[in-house]
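Architecture and fold: a report
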Amino acid sequence: VGRTFFELIHPHDVAALDSALQRLQAEPGATVAFETRLRRADGAWRLIEGGARNLLADEAVAGIVVSGRDTTERRWAELSVRTLLGVTQEIGGTLEVPALLRRVQRRARQVLGASLAAALLRGEDDDGRASLHVQTEASLSDARHAALE
């Protein structure tokens with residue numbers, strides 16, 4: 001209450017969404033598809049995929065109809081599958097543990113991006129030996145939210 005729709009849109013997504021809606025308003029009957037990040041009431045960002053249709057000329061509707069769905073979890077699942085596939089490809093090429101861990105970390109950075117991969121994987125234990133540490137689910141959840149920002 002008391003806020004515009006665009007205040008809930010991620011700042012990096014506002015221009016593209018505004019442009020799509022302006023094109024939509026200019027053409028009766030037109031439709032547009034969109035993907036954007038939308039801020040929840042708790043401040044977390046969610047990935048939203050949807051579409052809008054200009055029905056301003058339709059007297060029964062006289063408006064723009066927008067529908068969307070939260071695709072955040074699906075997108076994270078897809079990213080996880082791509083990461084696992086990439087990691088299995090990396091594992092197939094070496095048996096030397098330090099080299100294997102470097103390859104896995106490199107592949108995770110390629111797929112996940114540096115910040116999320118860093119939150120997920122660390123490459124050395126406390127003694128400086130090569131190792132792989134997967135963070136807790138809570139840490140990963142925090143890292144996923146940070147990656148959306």
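Given the structure is predicted, the values throughout are model-derived calculations rather than measurements. (Residues numbered from 1 in each chain as written. Predicted model: local features only at pLDDT ≥ 70, side-chain atom pairs only at ≥ 80, totals over all residues. Heavy atoms only, no water.)

This next bit is on the confidence of the model for the chain. Residues of the chain with pLDDT of at least 70 account for 69%, and the chain-wide mean is 77. Of the regions scoring below 50 in pLDDT, residues 130-138 engages in 23 contacts with residues more than four places distant in sequence or in other chains. (pLDDT = per-residue confidence, 0-100. Contact = heavy atoms within 4.5 Å.)

This part covers the pairing of strand β1 (residues 31-39). Where β1 and strand β2 (residues 45-55) come together, nine bridges link them in antiparallel fashion. Across the sheet, residue F34 finds its bridge partner in β2, namely G50. Between the end of β1 and the start of β2, which pair antiparallel, lie five residues, with G43 showing a positive phi angle near 95°. (Pairing = 2+ DSSP bridges. Helix = DSSP H or I, 4+ residues; strand = E, 2+ residues; numbered from the N terminus.)

This part covers the sheet that holds β2. One open sheet holds the three strands; their spatial order is β1-β2-β3, and the pairing between them is antiparallel. Each of the sheet's edge strands pairs with one partner strand only, and the pair in question is β1 and β3 (63-70). Geometrically, the sheet is characterised by an average inter-axis angle of 30° between neighbouring strands, direction not taken into account. Helix-sheet contacts for helix α1 (residues 14-26) involve β1, β2 and β3, and the interaxial angle to β1 is about 150°. (Axes fitted to C-alpha atoms, helices over the stretch in contact; angles between N-to-C directions.)

What follows is about unusual backbone geometry. Despite not being glycine, A62 has its phi angle at roughly 50°, a positive value. Structurally, A62 is set in the loop between β2 and β3.

Relative to the elements of secondary structure, H10 occurs in the segment before α1. Taking C-alpha positions, H10 is 6.1 Å from L38, a pair spaced 28 residues apart along the chain. Here H12 takes part through its backbone nitrogen, which lies 3.1 Å from a polar atom of the side chain of H10. (Polar contact = N/O pair within 3.5 Å; in protein donor to acceptor, adjacent residues only side chain to side chain.)

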